[in-house]
Amino acid sequence: MNHPHDSTLGRSVEYPAQYDPGLLFPIPRAHGRRGLISADGRESTGEEFMPFIGHDRWHAYEVSWLNAKGKPQVTTLTLTVPGYSPFLIESKSLKLYLNSFNSARLDNIGTLLDRIDNDLSAVAGADVEVQVGLPEFAGTQERWWDGRKDPVFDLDTLDVEISHYGPPDSSLLNADAGTVVQEVLTSQLLKSNCPVTSQPDWASLRIAYTGPQIDRESLLRYIVSFRDHCEFHEQCVERIYCDLMRLRLKTLSVDARYTRRGGLDINPWRATPAHPIPRAYRDERQ
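Residues numbered from 1 in each chain as written. Predicted model: local features only at pLDDT ≥ 70, side-chain atom pairs only at ≥ 80, totals over all residues. Heavy atoms only, no water.

The protein chain goes by NADPH-dependent 7-cyano-7-deazaguanine reductase in an unreviewed UniProt entry, where it is assigned to Aquilutibacter rugosus. UniProt's Catalytic activity (unreviewed entry) comment on the protein chain is quoted here verbatim: "7-aminomethyl-7-carbaguanine + 2 NADP(+) = 7-cyano-7-carbaguanine + 2 NADPH + 3 H(+)". Check the Function (unreviewed entry) section of the UniProt entry for the protein chain; it says "Catalyzes the NADPH-dependent reduction of 7-cyano-7-deazaguanine (preQ0) to 7-aminomethyl-7-deazaguanine (preQ1)." (UniProt positions renumbered as here; feature names shortened; annotations may be inferred.)

1. Some thoughts on the sheet that holds strand 12 (residues 264–271)
Working definition: the strands of a sheet are paired by backbone hydrogen bonds and lie parallel or antiparallel to each other. In space, the eight strands of this open sheet follow the order 7-5-4-12-11-10-9-8, with mixed pairing throughout. The strands lining the two open edges of the sheet, one partner per strand, are strand 7 (129–132) and strand 8 (152–154). When the angles between neighbouring strand axes are averaged without regard to direction, this sheet yields 20°. Along the sheet face, helix 4 (residues 216–224) touches strand 8, strand 9 (175–193) and strand 10 (200–214) and points at about 25° away from the line of strand 9. (Pairing = 2+ DSSP bridges. Helix = DSSP H or I, 4+ residues; strand = E, 2+ residues; numbered from the N terminus. Axes fitted to C-alpha atoms, helices over the stretch in contact; angles between N-to-C directions. Contact = heavy atoms within 4.5 Å.)

2. A look at the UniProt feature "binding site: substrate" (unreviewed entry) in the protein chain
Here, the residues flagged by UniProt with the feature "binding site: substrate" (unreviewed entry) are Ile89, Glu90, Ser91, His233 and Glu234. Their sequence span is 146 residues, while the largest C-alpha to C-alpha distance among them is just 11.2 Å; these annotated residues converge on one region. If you trace the backbone, Ile89 turns up in strand 6 (residues 87–89). Its relative accessible area of 4% is what places Ile89 among the buried residues. (Buried < 20%, exposed > 50% of the residue type's maximum accessible area, 1.4 Å probe, protein only.)

3. So, the nonpolar core
Within the largest apolar cluster, 33 residues are counted, with the highest numbers of intra-cluster contacts made by Leu190, Leu219 and Leu244. Where this core is concerned, the elements lending two or more residues are strand 9, strand 10, helix 4, helix 5 (233–245) and strand 11 (251–258). The dominant element in this core, judged by the number of residues it contributes, is helix 5, at six residues. Not counting the four nearest positions on each side in its chain, Leu190 is found in contact with Asp201, Trp202, Ala203, Leu205, Ile223, Phe226, Ile240, Ala256 and Tyr258. Formed by 25 residues, the second largest nonpolar core is a distinct cluster that contains Val81, Tyr97, Leu112 and Val130. (Core = buried A, V, L, I, M, F, W, Y, C linked by side-chain atoms within 4.5 Å.)

4. Considerations on the packing of aromatic side chains
For the structure shown, the criterion picks out five aromatic pairs. With a centroid separation of 4.9 Å and an interplanar angle of 40°, the aromatic rings of Tyr19 and Phe101 are classed as tilted. Of the two residues, Tyr19 is situated in the segment before strand 1 (26–28) and Phe101 in the loop between helix 2 (91–99) and helix 3 (109–124); the sequence distance between them amounts to 82 residues. Exposure remark for Tyr19: the relative accessible area of 25% places this residue in the partly exposed category. By way of ring pairs, the aromatic residues Tyr19, Tyr97 and Phe101 are connected into one cluster. (Phe/Tyr/Trp six-rings, centres within 6.5 Å; stacked < 30°, edge-to-face > 60°.)

5. Describing the side chain of Thr210
Here Thr210 shows up in strand 10. Judged by its relative accessible area of 13%, Thr210 is buried. For Thr210, the residues in contact, after removing those within four places along its chain, are Val181, Gln182, Leu249, Lys250 and Thr251.

6. Observations regarding the confidence of the model for the protein chain
Residues of the protein chain with pLDDT of at least 70 account for 87%, and the chain-wide mean is 90. For residues 39–46, every residue scores under 50 in pLDDT, and the model assigns this stretch 14 contacts once sequence neighbours within four places are set aside. (pLDDT = per-residue confidence, 0-100.)

7. Let's talk about the packing of helix 2 against helix 3
Following both chains from N to C, one finds helix 2 and helix 3 inclined at 150°, their axes separated by 12 Å at the closest point. Judged on the interaxial angle alone, helix 3 and helix 2 are roughly antiparallel. Where helix 2 crosses over helix 3, the two elements pack in a sense that is right-handed. Contact residues: Leu94, Tyr97 and Leu98 in helix 2; Arg115, Ile116, Asp119 and Leu120 in helix 3. (Parallel < 35°, antiparallel > 145°, perpendicular 65-115°, else oblique. Left-handed = near helix turned anticlockwise from the far one by under 90°.)

If you want it as structure tokens, here you go:
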């Protein structure tokens, strides 16, 4: 079974000289979900036990290949991996894989898309959506809109004292069971670290929920408690979702927009079933 430390992360590697789907490195999602998600006393590793819906949307900024005459071509891609897939794809392996097309001669962009679709779907264990282009940038207010007009509050405006930076501490969270609200809470202060290289990962976070009103100061302290924590982007978002749902929320959407590294950024989203999918966009940090 693949382990993150067996991947190319943190290692000096040569860029591939030819197309090689074998560069893709899958990591079982069950690793990050162990002890976090369960159903009827069993660990959840498949869609049938999933307590949430969601996806991981990747923005790929550096994609190139050669046309039939050897002329370089470039494009950008949006890749969407379903959250129920049994495997997530390690980011450096995806970067190396995409760069393995640099010297590949392809008839047209359709051939490129078909290969990437087939390769990523095989590694993830579920159908991956591959689209040409990237979402547009969105303004500060516009980016949080998902078709509803819920109140939006920026947690980063709170003047709070914080002293705990890891590991994530769900005991910091509180909610007022006597006050039921529907609101959106945002923060630019989510930071965690790669579990292999300890490189910092930065993200904007959007939490939309209905239920007992979450104490905002406790939530900000909880978000900051990821600061020295080592875990993959997708796993951090699932941890946040599961910890918040323990507050007995009725609906919840957790949407993180991570900053770019190596020509890629990752945007995991997890939500209660039937929750509307957040509009795709890029913010100013991407």
